[in-house]
Amino acid sequence: ATWHLRRAQAHMQARHDGEALQELASALREDDTNVEAHVLTGFLLDRSGDVEAAITQYRQALALDPDHVTTCNNLGHALARQGEAEEAETLYRRALRWNPWHALACNNLGWLLMEQGRLEEAADAFTQEIAAEPNHARGHYHLGIALARQGKLELSAEHLEAALTHAPGNPDILTDLGLVQAR
């Protein structure tokens, strides 16, 4: 199974998803308890747009390893896109319980909370993301948006400007910064 898993990862890096899925299927035929093979299969299915099949793979991985951080995050993300916000939030929080520095889980939780209008909690999640990845634009950008929605325009502008230092010329950040500065 390990050999098939390594080949699948090489195919994934080359964006040869069909070949990667074939290798993962072989890995799972050899060892259907291989958590990583289920997670990668779920990722590829999700990337191809088959969210339901991806969710099935992530659930199988989670049944084998209930505290697998990546699985919790990925399943949460897939469920959030399917409108299952409550379960998604539970999964993001479980991932962060095991790894509070998982920046993507912080980001995903922040977006979920922001979509629900829970802006202070979203800002806390994005602040945690920045602590995990201080030199990444995404956390600063999303925190800037959350703060703008709270009416905290000066602090929002500071974070949007910080985002620009990590992603110079990003048109989305530039647009949002212009809107914040115009208010």
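Only a predicted model underlies this, so the values are computations on that prediction, with no experimental measurement involved. (Residues numbered from 1 in each chain as written. Predicted model: local features only at pLDDT ≥ 70, side-chain atom pairs only at ≥ 80, totals over all residues. Heavy atoms only, no water.)

1. A few points about the overall build of the chain
Move 1: Along the backbone of the chain there are eleven helices and zero strands.
Move 2: N-terminal to C-terminal, the α/β element order of the chain is α-α-α-α-α-α-α-α-α-α-α.
Move 3: The buried share among the 183 residues of the chain stands at 46%.
Move 4: Sequence-distant contacts in the chain: of pairs separated by 6 or more residues, those separated by 24 or more amount to 43%.
Move 5: Summing over all exposed atoms, the chain offers an accessible surface of approximately 9400 Å²; the carbon and sulfur share of this is 51%. (Helix = DSSP H or I, 4+ residues; strand = E, 2+ residues; numbered from the N terminus. Buried < 20%, exposed > 50% of the residue type's maximum accessible area, 1.4 Å probe, protein only. Contact = heavy atoms within 4.5 Å. Areas by Shrake-Rupley, 256 points an atom, 1.4 Å probe, with all protein chains shown as cover.)

2. What about the confidence of the model for the chain?
Move 1: Residues at a pLDDT of 70 or more form 100% of the chain, whose mean pLDDT is 97.
Move 2: Considering each helix and strand of the chain separately, the mean pLDDT is smallest for helix 1 (residues 2–13), with a value of 94, and largest for helix 4 (residues 51–64), with 98. (pLDDT = per-residue confidence, 0-100.)

3. Some remarks on the packing of helix 7 (residues 103–115) against helix 8 (residues 119–132)
Any two packed helices are characterised by the angle at which their axes cross and by the distance between the axes.
Move 1: Taken N-terminus to C-terminus, the directions of helix 7 and helix 8 make an angle of 165°; their axes are 8 Å apart at the nearest point. Relative to helix 8, helix 7 is oriented roughly antiparallel. Where helix 7 crosses over helix 8, the handedness of that crossing is left-handed. Along its contact with helix 7, which presents Ala103, Cys106, Asn107, Leu109, Gly110, Trp111, Leu113 and Met114, the element helix 8 presents Leu119, Glu121, Ala122, Ala125, Phe126, Gln128, Glu129 and Ala132. (Axes fitted to C-alpha atoms, helices over the stretch in contact; angles between N-to-C directions. Parallel < 35°, antiparallel > 145°, perpendicular 65-115°, else oblique. Left-handed = near helix turned anticlockwise from the far one by under 90°.)

4. Section: helix 8
Move 1: Along its 14 residues, helix 8 runs 20 Å from first to last C-alpha, staying within 8% of the 20 Å computed at 1.5 Å per residue.
Move 2: Residues of helix 8 that are buried: Leu119, Ala122, Ala123, Ala125, Phe126, Glu129 and Ile130. In an axial view of helix 8, the angular spread of the buried residues amounts to 160°, which keeps them on one side of the axis. Opposite the packed face of helix 8, turned more than 90 degrees from it, sit the exposed residues Glu120 and Asp124.
Move 3: Against helix 7, helix 9 (137–149) and helix 10 (153–166) lie the buried residues of helix 8. (Expected span 1.5 Å × (residues − 1). Arc of directions from axis to C-beta.)

5. Considering unusual backbone geometry
Move 1: Although it is not a glycine, Arg15 adopts a positive phi angle of roughly 60°.
Move 2: Inspection of the secondary structure puts Arg15 in the loop between helix 1 and helix 2 (17–30).

6. Some words on the side chain of Glu89
Move 1: With respect to the element layout, Glu89 can be found in helix 6 (residues 85–98).
Move 2: Once residues lying within four places of it in the same chain are set aside, the contact partners of Glu89 are Leu109, Leu112, Leu113, Gln116 and Arg118.

7. Describing the environment of Trp101
Move 1: Structurally, the position occupied by Trp101 is in the loop between helix 6 and helix 7.
Move 2: Apart from residues no more than four positions distant in its own chain, Trp101 is found in contact with Gln128, Ala131 and Ala132.

8. Remarks on the packing of aromatic side chains
Move 1: This model, assessed by the stated rule, comprises one aromatic pair.
Move 2: Seen in terms of ring centroids, Trp111 and Phe126 are 6.4 Å apart; in terms of plane orientation they differ by 75°. Their pairing is edge-to-face. In this pair, Trp111 sits in helix 7 while Phe126 sits in helix 8, placing the two residues 15 residues apart along the sequence.
Move 3: Given the relative accessible area of 27%, Trp111 is considered partly exposed.
Move 4: We classify Phe126 as buried; its relative accessible area is 0%. (Phe/Tyr/Trp six-rings, centres within 6.5 Å; stacked < 30°, edge-to-face > 60°.)

9. Topic: the pattern of salt bridges
Move 1: Taken as a whole and judged by the stated rule, the model has ten salt bridges.
Move 2: Of the charged contacts in the structure, one is a salt bridge between Glu121 and Arg93, with a shortest N-O distance of 3.4 Å. Taken together, the residues span a long stretch of sequence, with Glu121 in helix 8 and Arg93 in helix 6 at a distance of 28 residues.
Move 3: Take Glu121: its relative accessible area is 34%, and that puts it in the partly exposed class.
Move 4: A residue is classified by how much of its surface remains accessible, and Arg93, at 35% relative accessible area, is partly exposed.
Move 5: Each member of the salt-bridge network shares a partner with another, and the members are Glu89, Arg93, Arg118 and Glu121. (Salt bridge = Lys/Arg side-chain N within 4 Å of Asp/Glu carboxyl O.)

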